[in-house]
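Understanding the architecture of this molecule
In case you want the letters, here they are:
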Amino acid sequence: MPSSFATAIVVGASSGIGESMVRKLVASGTRVAAVARRKSELDRIAGELGDKVLVYPHDVRDYDATPALFERIVAELGGCDLIVYNAGVMPRVEEGEYDFAKDREMIEVNLLAGMCWLNLASALMEVRRAGTICGISSVAGERGRRGNPAYHTSKAGMTTYLEALRNRLSRYGVSVVTVKPGPVDTPMTKGLKLPLMITVDQAADGALSMMRAGTGEGYVPAVWGPIMWVIRNVPSALFRRTNI
Ligand SMILES: NC(=O)c1ccc[n+]([C@@H]2O[C@H](COP(=O)([O-])OP(=O)(O)OC[C@H]3O[C@@H](n4cnc5c(N)ncnc54)[C@H](OP(=O)(O)O)[C@@H]3O)[C@@H](O)[C@H]2O)c1
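Residues numbered from 1 in each chain as written. Predicted model: local features only at pLDDT ≥ 70, side-chain atom pairs only at ≥ 80, totals over all residues. Heavy atoms only, no water.

Thoughts on the overall build of the protein
Selection rule: Each helix corresponds to a stretch of at least 4 residues labelled H or I by DSSP, and each strand to a stretch of at least 2 residues labelled E; elements are numbered beginning at the N terminus. What the globule rule says is 2.2 Å times the number of residues to the power 0.38, and the radius of gyration is computed from C-alpha atoms. Only heavy atoms enter the contact rule, under which two residues are in contact if any of them lie within 4.5 Å. With residues, only the protein chains shown are counted as cover, and all accessible areas are computed by Shrake-Rupley using a 1.4 Å probe. Asp and Glu are treated as the negative residues and Lys and Arg as the positive ones, with His and the ends of the chain left uncounted. Working definition for charges: the position is that of NZ of Lys, CZ of Arg, CG of Asp or CD of Glu.
Scanning the protein from N- to C-terminus turns up eight helices and seven strands. Its C-alpha atoms give the protein a radius of gyration of 17 Å, near enough to 18 Å, the size a compact globule of 244 residues would have. Dimensions along the principal axes, computed over C-alpha positions, put the protein at roughly 55 × 40 × 35 Å. A sequence separation of at least 24 residues applies to 66% of the contacts in the protein between residues at least 6 apart. Here the protein displays about 11600 Å² of accessible surface, and carbon together with sulfur accounts for 55% of that area. For the protein, the separation between the mean place of its 29 positive charges and that of its 25 negative charges on side chains is 5 Å.

A short note on the site of the ligand
Spelled out, the test is: Here a residue is considered near a molecule or strand provided that any single heavy atom belonging to it is located within 4 Å of it. Pairs of N or O atoms within 3.5 Å make up the polar contacts considered here, provided that, within protein, one atom can donate a hydrogen while the other can accept it, and that residues adjacent in sequence are counted only when both atoms are side-chain atoms. Under the convention adopted here, Pro, Cys and the residues Ala, Val, Leu, Ile, Met, Phe, Trp and Tyr are nonpolar, Asp, Glu, Lys and Arg are charged, and Gly plus all remaining residues are polar.
Around the ligand sit 31 residues, and of these Ser15, Arg37, Tyr151, Val184 and Thr186 come closest. Taking Gly12, its main chain carries an N or O atom lying 3.4 Å from an oxygen atom of the ligand. Taking Val184, its main chain carries an N or O atom lying 2.7 Å from an oxygen atom of the ligand. A total of 870 Å² of accessible area belongs to the ligand in isolation, and the protein chains cover 95% of it. Of all the secondary-structure elements, those providing two or more residues to the shell around the ligand are α1 (16-27) and α5 (149-169). Classifying every residue of the shell around the ligand by side-chain character gives 14 nonpolar, 12 polar and five charged.

Side note on the nonpolar core
Stated precisely, the cut-off is as follows: Among buried residues, those of type Ala, Val, Leu, Ile, Met, Phe, Trp, Tyr and Cys that are joined through side-chain atoms within 4.5 Å constitute a nonpolar core. Type-normalised accessible area, obtained with a 1.4 Å probe on protein chains alone, sets the label of each residue: buried when under 20%, exposed when over 50%, and partly exposed for intermediate values.
One finds Ile9, Ile73, Ile83, Tyr85, Trp117, Leu118 and Ile133 to be the most contacted residues of the largest nonpolar core, which totals 37 residues. Only β1 (7-11), β2 (31-36), β3 (53-57), α3 (66-77), β4 (82-85), α4 (100-128) and α5 provide two or more residues apiece to this core. A per-element tally of this core places α4 first, with nine residues. Counting residues in hydrophobic clusters, the runner-up holds 31 residues, among them Ile17, Ile136, Val184 and Val220.

Quick look at the pairing of strand β7 (residues 217-220)
For clarity, the cut-off: Any two strands between which DSSP finds at least two bridges are classified as paired. The handedness rule is simple: strands pointing away from the viewer, and a clockwise path from the first strand over the helix to the second, make the crossover right-handed.
Where strand β6 (residues 175-181) meets β7, four bridges bridge the pair, whose relative direction is parallel. Across the sheet, the residue bridging to Pro181 is Val220, located in β7. As for the winding sense of the linkage, the β-α-β connection from β6 through helix α6 (residues 200-213) to β7 is left-handed.

Here's the deal with the pattern of salt bridges
To keep things clear, this is the line we draw: The term salt bridge refers to a pairing of a side-chain nitrogen on Lys or Arg with a carboxyl oxygen on Asp or Glu at a separation within 4 Å.
The tally for this structure, following the rule as stated, stands at 16 salt bridges. Notably, a salt bridge pairs Lys24 with Asp205, separated by 3.2 Å at the nearest N-O pair. Of the two residues, Lys24 is situated in helix α1 and Asp205 in helix α6; the sequence distance between them amounts to 181 residues. One salt bridge in this structure joins Arg232 and Glu142, with 2.6 Å as the shortest N-O distance.

Details of the pairing of β2
On a regular strand, each side chain points to the face opposite its neighbour's, so the side chains alternate between the two faces of the sheet. β2 sits mainly inside the fold: five of its six residues count as buried. Pairing between β1 and β2: five bridges, direction parallel. From the neighbouring strand, Thr7 faces β2, where its bridge partner is Arg31. This β-α-β element, β1 to α1 to β2, shows right-handed connectivity. The pairing of β2 with β3 spans five bridges and is classified as parallel. Within the sheet, the bridge partner assigned to Ala33 lies in β3 and is Leu54.

Overview of the side chain of Thr178
Positionally, Thr178 belongs in strand β6. Those residues within four positions of Thr178 in sequence are excluded, and the remaining contacts are Gly135, Ser137, Thr159, Leu162, Arg166, Met210, Gly216, Glu217 and Gly218.

Observations regarding the packing of α4 against α5
Heads up, the rule is: Lines fitted to C-alpha atoms define the axes, with helix axes restricted to the stretch in contact, and inter-axis angles between N-to-C directions lie between 0 and 180 degrees. Just so you know how the angles are binned, under 35 degrees is roughly parallel, over 145 roughly antiparallel, 65 to 115 roughly perpendicular, and the rest oblique.
Two numbers describe how α4 lies on α5: the axes approach to 8 Å, and their chain directions differ by 10°. Judged by the angle between their axes, α4 and α5 are roughly parallel. For the pair α4 and α5, the contacting residues are Asp103, Met106, Ile107, Asn110, Leu111, Gly114, Met115, Leu118, Asn119, Ser122 and Glu126 in the first and Ala150, Tyr151, Thr153, Ser154, Lys155, Gly157, Met158, Tyr161, Leu162, Leu165 and Leu169 in the second. The residue inventory of the contact of α4 with α5, partitioned by class, reads 12 nonpolar, seven polar and three charged.

Keep in mind these values describe shape, not function.
Next up, the structure:
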């Protein structure tokens, strides 16, 4: 497995865990294509890090534009040894709220657009018989919890999709890595009181060490492994009565 990557695409690179991964990849010598909607934030990051960062403003829901953009990035970057699909949204959902517009955005950004980007990367890497694909999923994908049904669904879908990609691509020498962080202190979780919160740098370090090791699927931090084992095994009848 690669201890470092010559080229990487980070989708969802303009803040939080994605920004931290861009910084750490560049520090280890990687040329990075940074993709997100906010050009000003991407320019700020590239301004600090120099010409190892190439900036591509893009809304991941613009599916029709994605294949040509992916092709352009690979040409301009000079390859794609690693792709990280990190883009995500988690709008606040109130008790009793069933807002399809919010649900649609979460499914589109967190899952559907991830399939669009990672299908393109899979096709390229399968032919090249090399590469690493990573998706930032979440502990939130392990049970259907009452607080935000669509967010949990999007992450469960991402985890399953990545498992299927891994089962397809491992025979071609391509690594598929599923990172399942617990709560991380980022703009997404601003104002929320969540247990065992870690910093963006801790989350990025944990994710990147999994990518470098080619770990199939894992939690960041690892303490979520036993915790989620218990949560996955809480009987449904009991789970319904909890607020977790
Ligand atoms: N924070 C946590 O506790 C936590 C825990 C587990 C998993 N995660 C996952 O980690 C990932 C990163 O989240 P974060 O916490 O670092 O939050 P964040 O700072 O809000 O980052 C989200 C990233 O996604 C991008 N994005 C959102 N909508 C997009 C769109 N339509 N098109 C292109 N890019 C888009 C944002 O860029 P623009 O707004 O510039 O487009 C930003 O770069 C997400 O997938 C999240 O679900 C987070």
